[in-house]
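Chain by chain, the residues run as shown.
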Amino acid sequence: MTVNTQPVTERPDPRAFGLPVVEQAQIPAELRSLVARVHDLVDAVANTEADTDTLAEAAATVEGVTGRLNVARRQIGTMVQRDLQSGDVEYGTITNIVSGDTNPAAPPLLLERTPEGLRGEVTLNTVYQGPPGLVHGGWIAALLDQAVGSVSAVETTPGLTAKLEVNYRRPTPLFTPLEVTAEVDRVEGRKVFVSGRIRAHGEVTAEATALMVQVRIPGTETQQG
Ligand SMILES: CCCCCCCC/C=C\CCCCCCCC(=O)SCCNC(=O)CCNC(=O)[C@H](O)C(C)(C)COP(=O)(O)OP(=O)(O)OC[C@H]1O[C@@H](n2cnc3c(N)ncnc32)[C@H](O)[C@@H]1OP(=O)(O)O
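This one's a predicted model, so the numbers in the text were calculated from it and none came from an experiment. (Residues numbered from 1 in each chain as written. Predicted model: local features only at pLDDT ≥ 70, side-chain atom pairs only at ≥ 80, totals over all residues. Heavy atoms only, no water.)

(A) Looking closely at the confidence of the model for the protein. On average, residues of the protein score 93 in pLDDT, and 92% of them are at 70 or above. Every residue in residues 4-9 is under pLDDT 50, and counting partners more than four places away or in other chains gives nine contacts. For this predicted complex, the interface score ipTM comes out at 0.95, while the overall pTM is 0.93. (pLDDT = per-residue confidence, 0-100. Contact = heavy atoms within 4.5 Å.)

Rendered as structure tokens:
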């Protein structure tokens, strides 16, 4: 069910909360490349059995690079503005652990609008491993939290997760395309009831229901209840 209760023009601008906003197109290609290289680096480090000389040399190199990058850091809470294929505008935290554009630890999960809600595909490597060969249950919850939070933000207004219930139906495999979907089920005042699921090979491996509570937007308290 699509619940367009909030016209795009009324979506809150994070700048009104004092948060800096970066347009997605303004993220330098060089930073995107660095994020991808470091994403691969984390996987390499997690799995390497290289000799100790190589490990020591790599540690020194990485330490040096880290120092050079830390000379200029973003403000905490910096947001990224994304233009979805549907024409909608979405805001997200730029270092968001699941979807953040500049976070090498993010898989990342990229979501697009569908007639029902949001949909994305992601394949996870051993960095996200819990049981052997399987995705960590906390990461399954993180993917679902992100999907339901985003669908609530895109179809209504942004909120915080008040409650998230996850049912783990089947093991969720690594190195397998995972389809993540989410939709808004109903809205009651500031409460947005949402649901989401993860499928592997077309079969549901995990599903969630959640309650998002919309952030109070200054000047709209009476309309929001
Ligand atoms: C900051 C500005 C941002 C601007 C722009 C943002 C753009 C972002 C865009 C896109 C992002 C999408 C991606 C994100 C995805 C990830 C989401 C997360 O991981 S969120 C982090 C984890 N969650 C928390 O840390 C919440 C901690 N909890 C709280 O802060 C509060 O408890 C909160 C906000 C949830 C509610 O507090 P209250 O004071 O605003 O509201 P009350 O009056 O307590 O509740 C409102 C209604 O909800 C019910 N309610 C609240 N919690 C409930 C619960 N656990 N179970 C059942 N009902 C609950 C209450 O009973 C009440 O219902 P009745 O109006 O009386 O009918």
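(B) Structural context of the sheet that holds strand 9 (residues 203-214). Strand order across the open sheet formed by six strands is 4-5-7-8-9-6, with antiparallel pairing between neighbours. This sheet does not close on itself; its edge strands, each paired only once, are strand 4 (111-113) and strand 6 (159-168). The sheet shows a mean angle of 20° between the axes of neighbouring strands, direction not considered. Pairing of strand 8 (residues 191-200) with strand 9, which is carried by ten bridges, proceeds in the antiparallel orientation. Each bridged residue has a counterpart across the sheet, and for Ser195 the counterpart in strand 9 is Thr209. Against the sheet, helix 3 (residues 137-155) contacts strand 4, strand 5 (118-122), strand 6, strand 7 (178-188), strand 8 and strand 9, and its axis sits at roughly 130° relative to strand 8. (Pairing = 2+ DSSP bridges. Helix = DSSP H or I, 4+ residues; strand = E, 2+ residues; numbered from the N terminus. Axes fitted to C-alpha atoms, helices over the stretch in contact; angles between N-to-C directions.)

(C) Focus on the UniProt feature "domain: Thioesterase" (unreviewed entry) in the protein. UniProt feature "domain: Thioesterase" (unreviewed entry): in the numbering of this structure it lies at residues 133-203. With 27% helix and 45% strand, the stretch residues 133-203 has end C-alpha atoms that lie 17 Å from each other. (UniProt positions renumbered as here; feature names shortened; annotations may be inferred.)

(D) Spotlight on the sheet that holds strand 3 (residues 89-93). Taken in spatial order, the three strands make up an open sheet running 1-2-3, and their pairing is mixed. The sheet is open, and its two edges are formed by strand 1 (21-23) and strand 3, each paired on a single side. Strand-to-strand twist across the sheet, computed as the mean angle between neighbouring axes with direction ignored, equals 30°.

(E) Highlighting the nonpolar core. Membership of the largest hydrophobic core comes to 30 residues, with the highest contact counts inside it found for Leu124 and Val194. Taken together, the elements giving at least two residues each to this core come down to strand 5, helix 3, strand 7, strand 8 and strand 9. If you tally residues by element for this core, the top one is helix 3, at eight residues. Setting aside chain neighbours within four positions, we find Leu124 in contact with Pro107, Val135, Leu143, Leu174, Phe175 and Leu178. (Core = buried A, V, L, I, M, F, W, Y, C linked by side-chain atoms within 4.5 Å. Buried < 20%, exposed > 50% of the residue type's maximum accessible area, 1.4 Å probe, protein only.)

(F) Seen up close, the pattern of salt bridges. Scanning all chains against the criterion turns up 13 salt bridges. For Glu203, the salt bridge is made with Arg170, and the minimal N-O distance between the two is 3.0 Å. Here Arg170 lies in the loop between strand 6 and strand 7 and Glu203 lies in strand 9, a separation of 33 residues in the sequence. Taking relative accessible area as the criterion, Glu203 reaches 42% and is therefore assigned partly exposed. Close ionic contact of Glu183 with Arg197 constitutes a salt bridge, the shortest N to O distance being 3.7 Å. In this pair, Glu183 sits in strand 7 while Arg197 sits in strand 8, placing the two residues 14 residues apart along the sequence. A relative accessible area of 15% places Arg197 in the buried class. Via salt bridges that share partners, Arg32, Arg82, Glu90 and Asp101 belong to a single interconnected network. (Salt bridge = Lys/Arg side-chain N within 4 Å of Asp/Glu carboxyl O.)

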